[in-house]
Amino acid sequence: MSLILPNLSRRTLLTGASATLAFAALPGCTPPAAPVAAVAAKKIGIQLYTLRAAMEQDVAGTLGRVADIGYDEVEFAGYFNTPASEIKRLLGTLNLTAPSAHVQPADMRDKPQEVIDAAKEIGHEYLVFPWLPPEQRVTLDLWRATADFCNTFAQQCQTAGLKFAYHNHDFEFQPIDGVVPYNLLRERCDPALVKFELDLYWASKAGQDPNTVLASDPGRFPMCHVKDMDAAGEMADVGAGTIDFAAIFAANTFEHYFVEHDATTDPFASAETSFTALTALLAAPQPA
C-alpha cells in the first residue's frame, strides 16, 4: 500500500496531524479524533535482515530507501564490509538511529572487543544474540552452555556501557526432557545482564501466546520483532495475517518495534506495507 500526498515526505506524513491522514487511509480504519502523538512517541524500526540482499549490494542506497519509507530506526544484521565510521555517517545523514544489531555468536566469542567497539562507534544500545544452530540445541546441557555464554558476553557489554538481548525463534519453545529451553534461558541468564527481544511471529508459530510470554518476565522485553503469520503458519506482512498485534500492543509497551519478514519475494514492498500497518497499530491508545 502506498500513501502519497503532494509536497510531503513520508516522515512528515506520518508525524503530528498528518498521521491522522495516514491512519484513515488504511482499509477498515477511521481516523482518531486528535493528532496521533503516540506515533511520534513510538519509533518504528526495521530489522535489516529483511533487506539483506539489497544491503549486500548497496548499503547506502538501501538505508536511503528505508529512510524514505519513513522508518526512524534500523536493526542491523551485518555491516557488509562497511566500516563502523561510515555506518555512523550514513545514519546521521539519513536521520536514522540504530539502537541494536544482531551479531553472530562466533564473533561475540572470538572477537568481542571488536564487536563492542563497532557497536559503540555506530551508536548501538543493544547487541543481540540472533540464532542458535541445530547442533547447539540438542541437549539441555548445550542450552545451559548457551545461557552461560550469554551471561559472559552480556557482562562484557555492560562493562562497555552496552546492553545485551536474546532473540528467539520457535525451537526455544520445544521441550527437551520436559524442560522448555526458553524458560531455562530466562531462569539461568542473569536478569540484570540479559534481556529478550521477543519475535512475535516465531513465538506464535511455536503455539505460544505472546502476551503470556511477556507477562512471565515483566520488564525483560525491551524490543520485539513485528511480523505476521498467515493461516497456513507462514510469514506475512504486518496486518496481512492472523496475529492479534492490537491486543499485544494494548497490553505491552516496547522500547523498540522492528518490522521483519525473513522470506518475502519483494522486500521493499513488504517493508512499506508493514510500516504503514504498524504505524496504524501504534496510533491506537497504548498502555502508560
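Structure's up top.
Residues numbered from 1 in each chain as written. Predicted model: local features only at pLDDT ≥ 70, side-chain atom pairs only at ≥ 80, totals over all residues. Heavy atoms only, no water.

**So, the environment of Leu198**
The criterion, for reference: Elements are defined by DSSP. Helices are runs of H or I of four residues or more, strands are runs of E of two residues or more, and each kind is numbered from the N terminus. Residue exposure (1.4 Å probe, protein chains only): buried if accessible area is under 20% of the type maximum, exposed if over 50%, otherwise partly exposed. By the convention used here, residues are in contact when the closest approach between their heavy atoms is within 4.5 Å.
Structurally, Leu198 is set in strand 6 (residues 194–199). A relative accessible area of 0% means that Leu198 is categorised as buried. When the C-alpha atoms of Leu198 and Phe254 are compared, they prove to be 10.0 Å apart, with 56 residues separating the residues in sequence. Leu198 has contacts with Asn168, Tyr182, Ala203, Pro210, Val213, Leu214, Phe221, Met223, Cys224 and His225, leaving out every residue within four places of it along the chain.

**Focus on the pairing of strand 3 (residues 97–102)**
Put simply, the test is: Any two strands between which DSSP finds at least two bridges are classified as paired. The definition of a right-handed crossover adopted here requires that, viewed with the strands pointing away, the path from the first strand over the helix to the second runs clockwise.
When you tally the buried positions in strand 3, you get five out of six residues, the bulk of the element. As defined by bridge partners, strand 2 (residues 73–76) adjoins strand 3 across three bridges and the pair is classed as parallel. When the sheet's bridge partners are listed, Phe76 is paired in strand 3 with Ala101. As a crossover connection, the stretch from strand 2 through helix 6 (residues 84–94) into strand 3 is right-handed. Pairing of strand 3 with strand 4 (residues 126–129), which is carried by three bridges, proceeds in the parallel orientation. When the sheet's bridge partners are listed, His102 is paired in strand 4 with Val128.

**Focus: the pattern of salt bridges**
The criterion, for reference: By definition here, a salt bridge exists when the distance from a side-chain nitrogen of Lys or Arg to a carboxyl oxygen of Asp or Glu is within 4 Å.
Inspection of every chain in the model, using the stated rule, returns twelve salt bridges. As a salt-bridge pair, Arg109 and Asp110 come within 2.9 Å of each other at their nearest N and O atoms. Of the two residues, Arg109 and Asp110, neither departs from the other in class, the shared state being exposed. Of the charged contacts in the structure, one is a salt bridge between Asp217 and Arg186, with a shortest N-O distance of 3.2 Å. Separated by 31 residues along the polypeptide, Asp217 in the loop between helix 12 (210–215) and strand 7 (223–226) and Arg186 in helix 10 (residues 181–188) bring together distant segments of the chain. Take Asp217: its relative accessible area is 15%, and that puts it in the buried class. Judged by its relative accessible area of 14%, Arg186 falls in the buried class.

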